[in-house]
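Breakdown of the fold
This is what each chain is made of:
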Amino acid sequence: MTATLRSLIPAAEFVSRRAALMQAIGPDAVALIPAALHPRRNRDTEYRFRQDSDFYYLSGFPEPEALIVLAPGRGDGEFILFCRPRDREMEIWNGYRAGPEGAVKDFGADQAFSVAELDARLPDLLAGRSRVFAPMGVQPDFDRRLGGWLGQVRAKGRAGIKAPGELHLLDSALHPLRLIKSVAELSIMQRAADISAEGHRRAMALAAPYRHEYELEAELLHAFTRHGCPAPAYGSIVGSGANACILHYTENDRRMQDGDLVLIDAGGELDHYAADITRTFPVNGRFSDPQRELYEVVLAAQLAAIDAVRPGASWQAPHEAAVRILTQGLVDHGLLSGDVDGLIESGAFRRFYMHRTGHWLGMDVHDVGDYQIDGQWRPLQAGMVLTVEPGLYVAPDDETVAAHWRGIGIRIEDDVVVTEAGHHVLTARTPKTVAEIEALVGTSPRNHGAREQGARVPA
Ligand code: GLY
Ligand code: MN
Ligand code: MN
């Protein structure tokens, strides 16, 4: 048994991704893509390995300590993979390795070598090429080694060997490809979204005032893991009460209180593709009047922003749609006063809405791709995937607003594909209206009798 290609992306798609990258860099260039590092967590314990997204996108190869070289037009093969050699002893302890043999047989490499041969082979692979495309500033050790290999090629100049004269960031050639998702990618992202939606539904069903935030986090993880997401796509946020106003809250250890809202921002990662969903709901199953009023403002802003997603629309259009409705709502409810256009112009709304309305989504939760081209917001195109996630956050100590608004934090986030016809919401199975949420929160059979049990657990 060896490690084999286990991706849901067909092998032929990896071939066409490599061909597209080689087309983008041109015939006299070479691209180098290192695998992710495998960082230590503490003492002799490691984090679960997660492959670098660029590396995985091009190879589906799941192991650390590897390097992809793409050399367009090279006679002995264009796709060269350096990886760990087979090692019976190491494989017994740490798992199977493809080895160079498996890299060729199962991952489509034209040639493969042990990583131990990198220093011996890289100068020759760079020689004669004009441009090198590689990530820079990400892995200092790789940067240093690349510098050394280039230096060795330059030193052979008197022997008539041409050294690359230009160093380019890989991003510029590769990330435009990753920005547009294929049918296979969208199908994985739909599945990641469906699994994540189930996690949110489970968390809503289990919510109750006597429970802890981490109990809801456990529901999310249960659904993700049970359906094949090896990990969340990012640190899950379960923020109740005023914790919902901390944008990157991850402690998730507070005991929730009757009357709180809880904000959950969590998504699973499936085959290296992320889902990213936020829902906000009352832990006791009923929105208070002020909570519902602000919730309806955020929901209206979110629906208007989603509606603005269509091919040809500017990247900025959903944000502008959301900001207008949020600002109008803040004025209508007395949190801001003045003219809506003026409050947008001056940025006064940022007191309550301090982030942007979305980001690209894909293999990375904040996925790659430029948001502007030549200083202009980019037009949306079919195959792009973005989040739409407006919110309102009233600081618990904000004395400029009536006391009943303070400490309310609300965000609603969905994942949206731009389609030829407009858009498709991948995360539509996650309850979102007040009625849908109130019908579900707290309904888990595990809540029966749990209030009394929970009350015995020290807060
Ligand atoms: N969960 C990260 C984000 O929503 O951007
Ligand atoms: Mn997001
Ligand atoms: Mn999110």
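In this text the structure is predicted, and so the values were computed from the model without any measurement. Within each chain, residues carry numbers counting from 1 in the order of the written sequence. As they are written, the chains are lettered A onward and the ligands numbered 1 onward, keeping that order. Reporting in this predicted model follows two pLDDT cut-offs: at least 70 for local features of residues, and 80 or more for side-chain atom pairs to be given and counted; totals over whole chains, interfaces and linings ignore these cut-offs and use all residues. As a rule here, side-chain values cover all heavy atoms of the structure and leave hydrogens and water aside.

1. A closer look at the sheet that holds strand E1 (residues 29-34)
Quick reminder of the rule: We call two strands paired when DSSP finds no fewer than two bridges between them. We count a stretch as a helix when DSSP gives it H or I for four or more residues in a row; a strand needs E for two or more, and each element gets its number in order from the N terminus. Angular values range over 0 to 180 degrees, each being the angle between N-to-C directions of two axes fitted as lines to C-alpha atoms, with helices fitted over their stretch in contact.
Read from one edge of the open sheet, six strands run E6-E5-E4-E1-E7-E8, paired in mixed fashion. The outermost strands of the open sheet, each flanked by one partner alone, are strand E6 (111-114) and strand E8 (166-169). Neighbour to neighbour, the strand axes of the sheet diverge by 20 degrees on average, direction disregarded. Examined bridge by bridge, strand E7 (residues 131-134) and E8 share four bridges and lie parallel to one another.

2. Quick word on empty space enclosed by the protein
To be explicit about the condition: Residues are called lining when one of their atoms sits within 4 Å of a cavity or pocket point, these points coming from a 1 Å grid over the protein atoms alone, where a cavity is a set in which a 1.4 Å probe fits but cannot get out and a pocket is an open set with protein on both sides within 12 Å along at least five of seven lines. Grid points are joined across faces, edges and corners, and a volume is the space filled by probe spheres set on the points. When residue character is reported, Ala, Val, Leu, Ile, Met, Phe, Trp, Tyr, Cys and Pro are called nonpolar, Asp, Glu, Lys and Arg charged, and the others, Gly included, polar.
Counted under the stated rule, the structure contains one cavity of 30 Å³ or more. When its volume is computed, the largest cavity comes out at roughly 50 Å³. Forming the boundary of the largest cavity are Trp315, Pro318, His319, Arg356, Thr357, Gly358, Leu386 and Thr387. When contributions to the lining of the largest cavity are tallied by element, the ones reaching two or more residues are helix H11 (317-332) and strand E17 (385-388). For the lining of the largest cavity, the per-class residue count stands at three nonpolar, four polar and one charged.

3. With respect to the coordination of the manganese ion (ligand 2)
Just so we agree on the cut-off: Metal coordination here is assigned from N, O and S atoms located within 2.8 Å of the ion, or within 3.2 Å for Na, K and Ca; omission of water means that sites may look incomplete. Partly exposed describes any residue whose relative accessible area lies between the buried limit of under 20% and the exposed limit of over 50%, with all areas from a 1.4 Å probe on protein chains only and scaled to the type maximum.
Asp276 (OD), His359 (NE2), Glu389 (OE) and Glu413 (OE) make up the full set of protein donors to the manganese ion (ligand 2), lying at 2.0 to 2.2 Å. Ordering the donors of the manganese ion (ligand 2) by residue number gives the pattern D-x82-H-x29-E-x23-E. Here the manganese ion (ligand 2) and the manganese ion (ligand 3) are spaced 3.2 Å apart, linked through aspartate 276, which binds each one. Taken together, the positions of histidine 359 in the loop between helix H12 (340-346) and strand E15 (372-373) and glutamate 413 in the loop between strand E19 (409-411) and strand E20 (414-419) put the pair 54 residues apart, joining distant regions of the chain. Accessibility expressed as a relative area gives 0% for glutamate 413, which makes it buried.

4. Examining the nonpolar core
Short version of the rule: By nonpolar core is meant a set of buried Ala, Val, Leu, Ile, Met, Phe, Trp, Tyr and Cys residues that side-chain atoms within 4.5 Å join together. Contacts are assigned to residue pairs that have any heavy atoms within 4.5 Å of one another.
Leu21, Leu70, Leu216, Ile264, Phe281, Leu380 and Leu392 are the most contacted members of the largest nonpolar core, which has 106 residues in total. Ranked by residue count, the leading element in this core is helix H8 (residues 183-206), at 10 residues. In contact with leucine 216, not counting residues within four places along its chain, are Ala203, Leu206, Ala207, Val238, Met256, Val262, Ile264 and Phe281. Grouped together as the second largest cluster of nonpolar side chains are 20 residues, Phe82, Leu146, Leu150 and Val153 included.

5. Details of the pattern of salt bridges
For clarity, the cut-off: Any carboxyl oxygen of Asp or Glu within 4 Å of a side-chain nitrogen of Lys or Arg constitutes a salt bridge here.
Considering all chains together, one arrives at 28 salt bridges under this definition. A salt bridge links glutamate 185 to arginine 17, with the nearest nitrogen and oxygen atoms 3.4 Å apart. Of this pair, glutamate 185 sits in helix H8 while arginine 17 sits in helix H1 (residues 11-25); the two residues are 168 residues apart in sequence, bridging distant segments of the chain. Like glutamate 185, the residue arginine 17 is buried in the burial classification. A salt bridge links glutamate 219 to arginine 202; its shortest N-O distance comes to 3.0 Å. In this pair, glutamate 219 is assigned in helix H9 (residues 213-226) and arginine 202 in helix H8, connecting sequence segments 17 residues apart. The class of glutamate 219 is buried, set by a relative accessible area of 6%. Salt bridges sharing partners connect three or more residues here, namely Asp54, Arg178, Lys181, Asp364 and Asp367.

6. Some details on the pairing of E20
As a general feature of sheets, a regular strand has side chains that alternate between the two faces. With five of six residues buried, E20 lies mostly within the body of the structure. Two strands pair when backbone bridges link them, and E17 and E20 are joined in this way by four bridges, in the antiparallel orientation. The partner of valine 385 across the bridge, within E20, is valine 417. Pairing of E20 with strand E21 (residues 422-425), which is carried by four bridges, proceeds in the antiparallel orientation. Each bridged residue has a counterpart across the sheet, and for valine 416 the counterpart in E21 is valine 425. From the end of E20 to the start of E21, which pair antiparallel, there are two residues.

7. Considering the site of ligand 1
The condition that has to hold: We call a residue near a molecule or strand as soon as one heavy atom of that residue lies within 4 Å of the molecule or strand. By the criterion applied in these results, polar contacts are pairs of N or O atoms within 3.5 Å in which, for protein atoms, one can donate a hydrogen and the other can accept it, and in which residues neighboring in sequence qualify only through two side-chain atoms. Per-residue accessibility takes into account occlusion by the displayed protein chains alone, with areas from the Shrake-Rupley method and a 1.4 Å probe. A cavity or pocket is said to hold a molecule if more than half of that molecule's atoms lie within 2 Å of its grid points.
With respect to spatial proximity, the complete set of residues near ligand 1 consists of Tyr234, Asp265, Asp276, His359, His366, Glu389 and Glu413. Measuring from an oxygen atom of ligand 1, one finds a side-chain N or O atom of aspartate 276 at 3.2 Å. The side chain of glutamate 413 places a nitrogen or oxygen atom 3.2 Å from an oxygen atom of ligand 1. Considering ligand 1 on its own, with 200 Å² of exposed area, one finds that the protein chains cover 84% of that surface. With respect to the detected pockets, ligand 1 is housed in the second largest pocket. Each residue belonging to the shell around ligand 1 can be placed in one class, and the counts come to one nonpolar, two polar and four charged.

8. Concerning the packing of H1 against helix H7 (residues 170-179)
The criterion, for reference: Put simply, angles under 35 degrees are roughly parallel, angles over 145 are roughly antiparallel, angles from 65 to 115 are roughly perpendicular, and the rest are oblique. Crossings are classed by handedness, with left-handed meaning an anticlockwise turn of the near helix from the far one by less than a right angle and right-handed meaning a clockwise turn.
For the pair H1 and H7, the least separation of the axes is 10 Å and the interaxial angle reads 135 degrees. It follows that H1 is oblique to H7 by the angle criterion. Crossing geometry of H1 relative to H7 is assigned as right-handed. When H1 is examined against H7, the residues Arg17, Ala20, Leu21, Ala24 and Ile25 are found in contact with a partner set consisting of Leu170, Ala173, Leu174 and Leu177.

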